[in-house]
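Structural overview for review
Spelled out from the first residue to the last, the chains are:
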2 protein chains.
Amino acid sequence: MLVVQKYGGTSVGSLDLIRNVAHRVKKTKEEGHDVIVVVSAMGRTTDELLKMAYTLSSSPPERELDMLASTGEQVSIALLSIALHDLGCPAISLTGAQAGIITDSLFTRARIVRMDTWKIGEELSKGKVVIVAGFQGMNEKGEITTLGRGGSDTTAVALAAAMKADVCEIYTDVDGVFTADPRIVPEARKLREITYDEMLEMAIAGAKVLQHRAVEFAKRFSVPLHVRSSFNYNEGTWVKEEISMERRGVVTGVTVDKKIAKVTLLGVPDIPGIAHKFTKALAESGINIDMIIQSEPRGGYNDISFTIGEGDLEKAMKILKELSDEIGAEGVTGDKEVAKVSIVGAGVCSNPEIPAIMFGTLAENNINIELISTSEVRISCVIREAKADTAVRALHKAFKLEEE
Amino acid sequence: MLVVQKYGGTSVGSLDLIRNVAHRVKKTKEEGHDVIVVVSAMGRTTDELLKMAYTLSSSPPERELDMLASTGEQVSIALLSIALHDLGCPAISLTGAQAGIITDSLFTRARIVRMDTWKIGEELSKGKVVIVAGFQGMNEKGEITTLGRGGSDTTAVALAAAMKADVCEIYTDVDGVFTADPRIVPEARKLREITYDEMLEMAIAGAKVLQHRAVEFAKRFSVPLHVRSSFNYNEGTWVKEEISMERRGVVTGVTVDKKIAKVTLLGVPDIPGIAHKFTKALAESGINIDMIIQSEPRGGYNDISFTIGEGDLEKAMKILKELSDEIGAEGVTGDKEVAKVSIVGAGVCSNPEIPAIMFGTLAENNINIELISTSEVRISCVIREAKADTAVRALHKAFKLEEE
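Calculation criteria
- Residues numbered from 1 in each chain as written.
- Chains lettered and ligands numbered in written order.
- Predicted model: local features only at pLDDT ≥ 70, side-chain atom pairs only at ≥ 80, totals over all residues.
- Helix = DSSP H or I, 4+ residues; strand = E, 2+ residues; numbered from the N terminus.
- Rg over C-alpha atoms; globule rule 2.2 N^0.38 Å.
- Buried ≥ 20, exposed ≤ 12 C-beta atoms within 10 Å, placed from the backbone.
- Contact = placed C-beta atoms within 7 Å.
- Pairing = 2+ DSSP bridges.
- Axes fitted to C-alpha atoms, helices over the stretch in contact; angles between N-to-C directions.
- Least-squares fit on C-alpha atoms with pLDDT ≥ 70 in both.
- Expected span 1.5 Å × (residues − 1).
- Parallel < 35°, antiparallel > 145°, perpendicular 65-115°, else oblique.
- Left-handed = near helix turned anticlockwise from the far one by under 90°.
- Core = buried A, V, L, I, M, F, W, Y, C linked by C-beta atoms within 7 Å.

**A short note on the overall build of chain A**
Looking only at helices and strands, chain A features eleven helices and 18 strands. A compact globule built from 404 residues should have a C-alpha radius of gyration of about 22 Å, and chain A, at 22 Å, falls within 12% of that. Principal-axis analysis of the C-alpha atoms places the extent of chain A at approximately 75 × 50 × 30 Å. Here chain A holds 404 residues, and 47% of them are scored as buried. Considering only contacts in chain A between residues 6 or more positions apart, those separated by 24 or more positions represent 74%.

**Topic: the sheet that holds strand 2 (residues 34–39) of chain A**
Residue and element names in this part refer to chain A. Strand order in the open sheet formed by eight strands is 3-6-2-1-9-11-12-10, with mixed pairing between adjacent strands. Sheet topology places strand 3 (91–94) and strand 10 (193–195) at the edges, where each strand pairs with a single neighbour. For this sheet, the mean angle separating the axes of adjacent strands, direction not counted, is 20 degrees. Alignment of strand 1 (residues 2–7) against strand 9 (residues 167–172), held across five bridges, turns out to be parallel.

**Quick notes on the relation of the copies chain A and chain B**
The two copies are related by a screw operation: chain A maps onto chain B through 180 degrees of rotation and 0.0 Å of translation along the axis, at an RMSD of 0.1 Å. Seen this way, the second copy is the image of the first under a two-fold rotation axis. If distances are taken from each C-alpha of chain A to the rotation axis, the shortest is found for T71 of chain A, at 2.7 Å. When the interface residues of chain A are mapped onto chain B, 100% of them again fall at the interface, so both copies present the same face.

**So, helix 3 (residues 62–86) of chain A**
All names here are of chain A. Taking 1.5 Å of rise per residue, 25 residues should cover 36 Å, and helix 3 covers 37 Å from first to last C-alpha, within 8% of that figure. Among the 25 residues that make up helix 3, 23 are buried, leaving the element largely enclosed by the rest of the structure. At the C-terminal side of helix 3, G88 shows a positive phi close to 75 degrees.

**Regarding the interface of chain A and chain B**
Counting from both sides, the interface comprises 28 residues of chain A and, opposite them, 28 residues of chain B. By residue number, the principal contributor to the side of chain A that touches chain B is helix 3 of chain A, which donates 14 residues.

**Considering the pairing of strand 17 (residues 371–375) of chain B**
All names here are of chain B. Relative to strand 18 (residues 378–384), strand 17 runs antiparallel, the two sharing five bridges. Residue I372 lies in a different strand from strand 18, and its bridge partner there is C381. Hairpin connection of strand 17 to strand 18: two residues between the antiparallel strands.

**Comments concerning the packing of helix 1 (residues 15–30) of chain A against helix 3 of chain A**
Residues and elements named next belong to chain A. The contact between helix 1 and helix 3 brings their axes to 9 Å, and the two run at 60 degrees. In this view, helix 1 runs oblique relative to helix 3, as classed from their interaxial angle. Of the two elements, helix 1 crosses helix 3, and the hand of that crossing is right-handed. Where helix 1 approaches helix 3, its residues I18, R19, V21, A22, V25 and K26 are matched on the opposing element by L79, L80, A83 and L84.

**Section: the nonpolar core**
What tends to happen in soluble globular proteins is that the nonpolar side chains get buried as a cluster. Membership of the largest hydrophobic core comes to 246 residues, with the highest contact counts inside it found for L80 and I131 of chain A together with L80 and I131 of chain B. Those residues in contact with L80 of chain A that sit more than four places away from it in its chain are V12, I18, V21, A22, V37, V39 and I131 of chain A.

**Notes on the sheet that holds strand 13 (residues 253–269) of chain A**
Residue and element names in this part refer to chain A. In spatial order, the strands read 14-15-13-16-18-17; together these six strands make up an open sheet with antiparallel pairing. Only two strands of the sheet have a single neighbouring strand rather than two, namely strand 14 (289–294) and strand 17 (371–375). Here the strands of the sheet are splayed against their neighbours by 30 degrees on average, with no regard to which way each runs. Contacting strand 13, strand 15 (301–309) and strand 16 (331–344), helix 9 (residues 313–327) crosses the sheet at an angle of about 125 degrees to strand 16.

Given below as structure tokens:
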């Protein structure tokens, strides 16, 4: 069997933890499997590197940020390879570039365009564990790129897809995917299985256990994912196409994302092309818009609200203030004190009771809903951030998620 | 003019110092020159990285040590590029591999075999400052290699040679090359000029200001070197082929190397091939032998003594103990409490008074000479380490080096 294992930053946060990972990898190898390991940077290394960059400049060039940040994973792969050698387990480390991960040139958020995996295949056939730096690649010009936050998950899944691995194991510091964040809801339950679509919605909705691009990749190439802890040998959560009928609940989980901001354009003239104008301007600056709603026009004007990542608020406000003058809007407001609470599950949209229970539960708890959005398998509400934990606990209880 | 500037670890030891370097580089660029900058890792980064490796394993694979250590310079180039951008000075950072520094596969001590500098030329022609990671390269298989301690000097000189630079400036934390280490001899004087051969001998003899491989490279390709401080704008020391007649003294400087060890093979049978046998064994383990002497044979046996780097002693003793049994020698002794004191100067061997003054001065100070070796421009004596500073001060005075 070919196994891809990905270890996140908390799993390789110290030399002792790297030794722990080496033991796990060696064990897998000794069970007779071929093993490709993808590792993140140790602990908070990436943040520390970027902090240095931003100390030197308020707007460092993105190419150089990638040159800088990519060293974090390079340190991890070398150290893990050394730890494996010390256990007598042959291993070789490869940077993203050496592993043949070819990306586009969108520095700090590059996308994989091609995988030239001959080198990995060659080293596996020599009986070596191949350790690949997560989060990074190389563009066609040989420049180092990074895949954005959580990019190591994407590296692992892309490698699993390209190498036709039997499983991609995502190791983290929790036991798997839970019905809600156990730090908020103590009775939250670990899910044994979840579909790609549900996982995708949970990732988008703010569950941090897997990066959503990685889940998209896994879905597209049908890579079975196994999310589990690097600190024990418990079974984690399997993410796959179809899950057993008997396990299927209507609602799978409740998530919360506090790192969002709400922006409102006030008094926008109700003429065609306005929404396109500002979404284009934001997209060109790399700002993703999540939920968006437009009020009923009143007197030829309406308000447009949407959510973005909290970290993008400053940049977005600058862009929108200029645009707002240009299109003759009244003004722009930004608000960080909001959170997005979502329920996710294959059945949420086919069952009309579900939204009713959700909105009713929030109302009973005196929680005002500011924006609503839905997808096939998700309903999200933007509420005050201060009420987010209360909302998650109430919804978890209302949908009886603590029961198997 | 094309200027190559190399900044060592102490010159880029903090973010403030990196900003300082950025200002210097920008100034050079604004004077109308094309600039290639080579930087070392920040401060003690390389040592810290290697310490992690040796915590995980007592004998980490050298390929992985290079993968690990090379990240230090990669961090520096990215940060310097960011600092330059912040000053409005266009710049681009390149790893050794990206800069086209192709080496052999002797990991941790690789040698440059070829320079593919088209990428550097392309970026220079766009008006950019090109920042290259020192100390590192890539073998023909695309694996990261490092050039060994002090390798950034070699990177800078090799780039200056390949790009036909007008000068290679070596920035450090001292004002240039001195007649002796000013920490030992307060009246030591900065040299305005020195020949490649003298510099080479001084580097071999223990002056740490320039790595000897870099000087060899500079000599072979006639690259003028200017050794100077990154903390002021004083003229430093020029290293070149010929120096002005009027400046020529007989003795140029006194150096000391305390990081050596003396090894003695006792009672070695006086038959051909013995010296070859152990030098070969040591060379294969990457241990350089410096001075070597063989005693007059007595009763068909003699003693062989030589010096090696202090850090190699343990490894050398292990190899030599095995060999000593094999060749029927009496035993091996190792001694770290020794130092090598040298006088260097174009005239030392053509003037018979010089060795007489040297040995006489040591004798007057009750310093016993254990080994002697000479070259065209150097006389070295191995003495007790505890007497090394006394010897240096006495020799500096005896040869009147404080006088211009």
